[in-house]
Amino acid sequence: MEAAAAAGDERGLSLAVWTVCAVALPVLITLWCSVRRSRRRYLSPAGKHCWQDTDLFGRPTYCSVCGLHILRGAYCLCCGLCADEPCVWTANRRFSCKDGLGCRDGAAGRSHHHWVRGNVPLCSQCAVCGQQCGSQPKLCDYRCIWCQRTVHDDCIQSHLKTEDCDLGEFRNLIIPPNYILAVKQMKKSKPPDCMKELVSAMGSNWTPLIVLANTRSGNNMGDVLVSEFKGLLNPVQVFDLSKTSPYKALQLCTLLPANSAKVLVCGGDGTVGWVLDAVDEMKIKGQESSAPQVAVLPLGTGNDLANTLGWGAGYAGEVPVEQILRNVMEADSVKLDRWKVQVTNKGYSLRKPKVLSMNNYFSIGPDALMALNFHTHREKTPSLFSSRLVNKAVYLFYGTKDCLIQECKDLDKKVELELDGERICLPNLEGIVVLNIGYWGGGCRLWEGMGDEPYPLSRHDDGLLEVVGVYGSFHCAQIQVKLANPVRLGQAHTVRLILKNSRMPMQVDGEPWAQGPCVVTITHKTHAVMLYHSGEQTDDDDDPSSESDQDT
């Protein structure tokens, strides 16, 4: 009996040891790989390749060093160079990446081809013979990482390796590799004639593009876009807003010709407002001639401002990045009203008035309450709010909840409204929305309603605000599916709201807060110069030049 019990204990102990090993071994291997990868990224010399590790390449890939087929390794986000794990350091030493600042020799308006061998894009054509490149199962053929042309091994000539590169299709958007260094050197010696010659050498159609991507917006496509834009443009003109502030990134505009720069903001409407605040800061500091025109690639949840400007209701990778750059080049310049929202607490308070900038809308009531609840829970668990679909589902949940509770009822007894100094008699409302643009709530034309009344279309450049009321969350839902109209309260150049002895949720462009008794004054602040894309609109019957929209 004792022998059997001892044998059983021994087997149990062995099983426990094997179980621990089976669980712990994969964890230890994963940790070891993570440490090794992070160490490699940390030790990569400055100015060298920006390596991204991958456990599985999406298509047949060959190491640029040893030429062998690889499944697991790393690729450079800027130039597309690929290497397996043992060859990464050799690739760093042997091959140069896109040098964004440029070398000290060579003219600022000129650059040579920079050829990278192998792993050319699918369906590439040879720039010399016109036949397909990259069709052989090996490391073969070349691609210039500036102009994106591809050439066969047999077709590449010695003059192709040394001739000037015209930077390809997007030359008018690219800052040439030697330009920034040349400008800095000229500014030190201050030769105005040389500066004029440099700018004229770039051509009259040169409108360099600065890409500002919020990698935390919407459906987490920001990282992919940063990589793709760095591959097509100069890496120095692509910024991750989670690492660099908009104002600091926009200082690059000061090195460019006056009023020539364009900016593409990849993010939600809140990110666009952040960038426009940085543009205003540039104007305040005397850099108005450097202020760029702003285009939008919508990555947020509502994206009403992007929809207003013709850039669509949300980007999920369905349009190639090359087409996005073409759309930016073809876009037209339009003005956008920007407004100052001043919130002054009633009674004695040592706090200064809260001053906010508004591009889309201000609201008090149920939609602000939904935004506040959403914002509170996203701050607690940000990892759960990485999908546009999940975000909309959470908004729906809080809207349904408010239909039952009605936390904002009797608003007409708590708030006084003045439009251009005239007191407005309010019906029994739960919410008030002050609109700069026509779209609201993720694509709803709030001011025009169902189109059954001859109201003029709202505009985002006329210096007027549209003010509407809603009866509650259920009424908001009916408006969004065109089963009801809002209560139109009027249009005004100045809007004043007086919140009496109550505490209510408010929001400006999707930034919510709970507010006690106060006076809210909305006045015109300035104009922003935006880029309008005259592509397919959300509503084909609407006049695209007057469309407008909200931020969430």
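Here the structure is a predicted model, which is why all the values come from computation and not from measurement.

Draft legend 1. Region of interest: the sheet that holds strand 8 (residues 150-151). Read from one edge of the open sheet, three strands run 6-7-8, paired in antiparallel fashion. Strands at the two margins of the open sheet, each flanked by one partner only, are strand 6 (115-117) and strand 8.

Draft legend 2. Summary view of unusual backbone geometry. Although it is not a glycine, Asn-259 adopts a positive phi angle of roughly 55°. Residue Lys-482 is not a glycine yet carries a positive backbone phi of 60°. Relative to the helices and strands, Lys-482 resides in the loop between helix 14 (473-480) and strand 22 (487-492). According to the relative accessible area criterion, Lys-482 is partly exposed, its value standing at 49%.

Draft legend 3. Region of interest: the pattern of salt bridges. For the coordinates displayed, the defined rule picks out 14 salt bridges. Here Asp-280 and Arg-338 are joined by a salt bridge, their closest N and O atoms 2.2 Å apart. With a gap of 58 residues between them, Asp-280 in helix 8 (residues 269-284) and Arg-338 in strand 13 (residues 332-345) connect regions that are remote in the sequence. Arg-338 carries the same exposure label as Asp-280, and that label is buried. Asp-461 serves as the salt-bridge partner of Arg-459, at 3.0 Å between the closest nitrogen and oxygen. You can call Asp-461 partly exposed: its relative accessible area is 28%. Taken together, the shared-partner salt bridges connect Asp-277, Asp-280, Arg-338 and Lys-525 into one network.

Draft legend 4. Quick look at the pairing of strand 25 (residues 511-515). Relative to strand 25, strand 24 (residues 504-508) runs antiparallel, the two being bridged by five bridges. From the neighbouring strand, Met-504 faces strand 25, where its bridge partner is Gln-515. The turn linking strand 24 back onto strand 25 is made up of two residues, and Asp-509 within it adopts a positive phi angle of 50°.

Draft legend 5. Quick peek at the side chain of Lys-230. Mapping Lys-230 onto the fold places it in helix 6 (residues 222-232). Buried and without a salt bridge, Lys-230 has Asp-240 as its closest oppositely charged side chain, separated by 7.7 Å. The residues touching Lys-230, leaving out its near neighbours within four places in the chain, are Leu-77, Cys-78, Lys-98, Pro-235 and Val-238.

Draft legend 6. Main features of helix 14. Those residues of helix 14 not exposed but buried are Ser-473, His-475, Cys-476 and Ile-479. End-on view of helix 14: buried residues confined to an arc of 160°, all on one side of the axis. A positive phi of about 60° marks Lys-482, the residue just after helix 14.

Draft legend 7. Main features of the packing of helix 6 against helix 10 (residues 321-330). Axis separation between helix 6 and helix 10 bottoms out at 10 Å; the angle between their running directions is 70°. Comparing their axes, helix 10 and helix 6 come out roughly perpendicular. Considering the relative orientation of helix 6 and helix 10, their crossing is right-handed. Across from Leu-225, Glu-228, Phe-229 and Leu-232 in helix 6, the residues of helix 10 making contact are Val-321, Glu-322, Ile-324 and Leu-325.

Draft legend 8. Structural detail: the confidence of the model for the chain. In the predicted model, the chain carries a mean pLDDT of 81, and the fraction of residues at 70 or more is 75%. Low pLDDT (under 50) marks residues 537-552, which in the prediction has 75 contacts with non-local residues, meaning those over four places away or in another chain.

Cut-offs and rules
- Residues numbered from 1 in each chain as written.
- Predicted model: local features only at pLDDT ≥ 70, side-chain atom pairs only at ≥ 80, totals over all residues.
- Heavy atoms only, no water.
- Pairing = 2+ DSSP bridges.
- Helix = DSSP H or I, 4+ residues; strand = E, 2+ residues; numbered from the N terminus.
- Buried < 20%, exposed > 50% of the residue type's maximum accessible area, 1.4 Å probe, protein only.
- Salt bridge = Lys/Arg side-chain N within 4 Å of Asp/Glu carboxyl O.
- Lys, Arg positive; Asp, Glu negative; His and termini not counted.
- Contact = heavy atoms within 4.5 Å.
- Arc of directions from axis to C-beta.
- Axes fitted to C-alpha atoms, helices over the stretch in contact; angles between N-to-C directions.
- Parallel < 35°, antiparallel > 145°, perpendicular 65-115°, else oblique.
- Left-handed = near helix turned anticlockwise from the far one by under 90°.
- pLDDT = per-residue confidence, 0-100.

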